[in-house]
Amino acid sequence: MQRTASLDETVAIDPGTIASFARNGHAVVRGLASADEVSQYAPAIKRATSQLSGDTRPLDERDTYGKAFIQSMNLWRVDRVVKEFVVARRFAKVAADLMGVSGVRLYHDQSLFKEPGGGITPWHQDQVYWPLDTHNTITMWMPLVDVPASVGSVVFASGSHRAGDLGGAAIGDNSQEYFDRLVRQEKLELVSYAPMRAGDATFHSGWTLHGAPANETTTMRSVMTIIYFADGARVGPIDTPMRRDDNEKWLQSLPTGALAASELNPLLWSR
Ligand SMILES: O=C(O)CCC(=O)C(=O)O
């Protein structure tokens, strides 16, 4: 299909959204891509997701994390149409504007397809996985299909990013139990932006506590995400097996202290 969309055309984000992101650690930008633009990229994202998806077991043979979604990563490396979507200046500029930084690099992309009957996404904080020495990290989460309130769309704990590492460790049954208790004890405010239209996008900070309910519908919740960090950030401590694994996969094993700017981390937006 000849693509007419130009995801390099940028949009302005209103100051209220930027302030809300700083305060809460999450925000929504409705209509960041049009339905027409999404339809020009979704087929390639779906194909690459199938190509890269490792776990082909039926849902009932997977653990809690495995049931949450089909997860495929760095799709931009296998498909040039997906690459256009992932390196889009429009998305990267919003990421930079929300964090208030002058440039952003790619950490990695990932598609998260919550299957019909797929389970909860356990509570977690992304940055426990990331060996980056900055708090200026952000994920764009964009559904490729309309997501009604009955499908698992992300729930964010407002303000949780300000505390940094809350101690819940890796995503799974333990993090779910740990953070469920924390949410109740601390009476954290929970926010979801459902329902969402294809092309709406949420953004959350690397330390924002989040999870998602199960998908109790018969429709696949197809979502594409892009993770960015502030240009100039350095590789942080590689102090856990998870961070070692991430360092090898997304930062080409750069050592602690090096500029986080490997071949896999192109500069996607700079003022
Ligand atoms: O899509 C989901 O269910 C969870 C998303 C998520 O954890 C993330 O994008 O960091």
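Further up the page is the structure itself.
Summarised in this report is the structure supplied together with it. All values reported here derive from a predicted model rather than from experimental measurement.

**Quick word on unusual backbone geometry**
Logical step 1: Look at the link from Ala 194 to Pro 195: it is a cis peptide, with omega at -5 degrees.
Logical step 2: Among the secondary structure elements, Pro 195 is positioned in the loop between strand 7 (190-192) and strand 8 (201-205).
Logical step 3: A positive phi angle, close to 55 degrees, is found at Ala 169, a residue other than glycine.
Logical step 4: With respect to the helices and strands, Ala 169 occurs in the loop between strand 6 (155-157) and helix 6 (173-186).
Logical step 5: Of note in the backbone geometry, Gln 252 takes a positive phi value of approximately 50 degrees without being a glycine.
Logical step 6: Among the structural elements, Gln 252 can be located in the loop between helix 7 (241-250) and strand 11 (267-270).
Logical step 7: Judged by relative accessible area, which is 39%, Gln 252 ranks as partly exposed.

**Structural notes on the environment of Ser 72**
Logical step 1: In this structure, Ser 72 sits in strand 2 (residues 70-73).
Logical step 2: Contacts of Ser 72, omitting those with residues within four sequence positions, involve Thr 49, Leu 52, Ser 53, Asp 109, Gln 110 and Ser 111.
Logical step 3: Here the side chain of Ser 72 touches Thr 49 through a polar contact of 2.9 Å, landing on its backbone oxygen.
Logical step 4: Side-chain polar atoms of Ser 72 contact the backbone nitrogen of Ser 53, separated by 3.4 Å.

**Some thoughts on the packing of helix 1 (residues 15-24) against helix 5 (residues 89-99)**
Working note: a packed helix pair is described by the angle between its axes plus the distance between those axes.
Logical step 1: One way to put it is that helix 1 packs onto helix 5 with a least axis distance of 8 Å and a crossing angle of 65 degrees. The segment helix 1 lies against helix 5, with Thr 17, Ile 18 and Phe 21 engaging Asp 97, Leu 98 and Met 99.

**Examining the environment of Gly 119**
Logical step 1: Tracing the backbone through its elements, the reader meets Gly 119 in the loop between strand 3 (103-113) and strand 4 (121-124).
Logical step 2: Each C-alpha atom, one on Gly 119 and one on Ala 214, is 4.3 Å from the other, the two residues being 95 residues apart in sequence.
Logical step 3: Those residues within four positions of Gly 119 in sequence are excluded, and the remaining contacts are Lys 67, Ala 68, Lys 114, Pro 213, Ala 214 and Asn 215.

**Some words on the layout of surface pockets**
Once rolled over the atoms, a probe with the size of a water molecule shows which space is left empty.
Logical step 1: One number sums up the size of the largest pocket: a volume of about 470 Å³.
Logical step 2: Lining the largest pocket are 28 residues, and of these Tyr 65, Gln 71, Met 73, Gln 110 and Asp 126 sit closest to its centre.
Logical step 3: Going through the elements one at a time, strand 2, strand 3, strand 4, strand 5 (137-143), strand 9 (210-212), strand 10 (223-230) and helix 7 are the ones with two or more residues in the lining of the largest pocket.
Logical step 4: With five residues, the top contributor of residues to the lining of the largest pocket is helix 7.
Logical step 5: Of the residues assigned to the lining of the largest pocket, the class counts are 13 nonpolar, ten polar and five charged.
Logical step 6: Its boundaries defined by the atoms lining it, the second largest pocket holds a volume of some 220 Å³.
Logical step 7: The wall of the second largest pocket is formed by 13 residues, among which Asp 55, Gly 66, Phe 69, Ile 70 and Gln 71 lie closest to the centre.
Logical step 8: Elements that contribute at least two residues to the lining of the second largest pocket include exactly helix 3 (64-68) and strand 2.
Logical step 9: Take the lining of the second largest pocket: its biggest share by element is four residues, from strand 2.
Logical step 10: Residues that form the lining of the second largest pocket fall into these classes: five nonpolar, five polar and three charged.

Procedures and definitions
- Residue positions within a chain follow its written sequence, with the count starting from 1.
- Confidence filtering applies because this is a predicted model: local features only for residues at pLDDT of at least 70, side-chain atom pairs given and counted only at 80 or more, and all residues used for totals across whole chains, interfaces and linings.
- Side-chain measures were taken over the full set of non-hydrogen atoms in the model, leaving aside hydrogen atoms and water.
- The helix and strand labels rest on DSSP assignments: H or I over at least four residues marks a helix, E over at least two residues marks a strand, and numbering proceeds from the N terminus.
- When a residue's accessible area, from a 1.4 Å probe over protein chains only, is under 20% of the maximum for its type it is buried; when over 50% it is exposed; and in between it is partly exposed.
- Residue contacts are defined here by distance: any two heavy atoms, one from each residue, within 4.5 Å place the two residues in contact.
- We define a polar contact as two N or O atoms separated by no more than 3.5 Å, with the added condition that, inside protein, one atom must be a possible hydrogen donor and the other a possible acceptor, whereas residues neighbouring each other in sequence contribute only through side-chain atom pairs.
- Throughout, an axis means a line fitted to C-alpha atoms (over the contacting stretch in the case of helices), and angles, computed between N-to-C directions, take values from 0 to 180 degrees.
- With a 1 Å grid spanning the protein atoms alone, the term cavity applies to any set of points in which a 1.4 Å probe fits but cannot get out, the term pocket to an open set with protein on both sides within 12 Å along at least five of seven lines, and the term lining residue to any residue with an atom within 4 Å of a point.
- Grid points are joined across faces, edges and corners, and a volume is the space filled by probe spheres set on the points.
- Side-chain classes are defined by residue name, with Ala, Val, Leu, Ile, Met, Phe, Trp, Tyr, Cys and Pro counting as nonpolar, Asp, Glu, Lys and Arg as charged, and the others, Gly among them, as polar.

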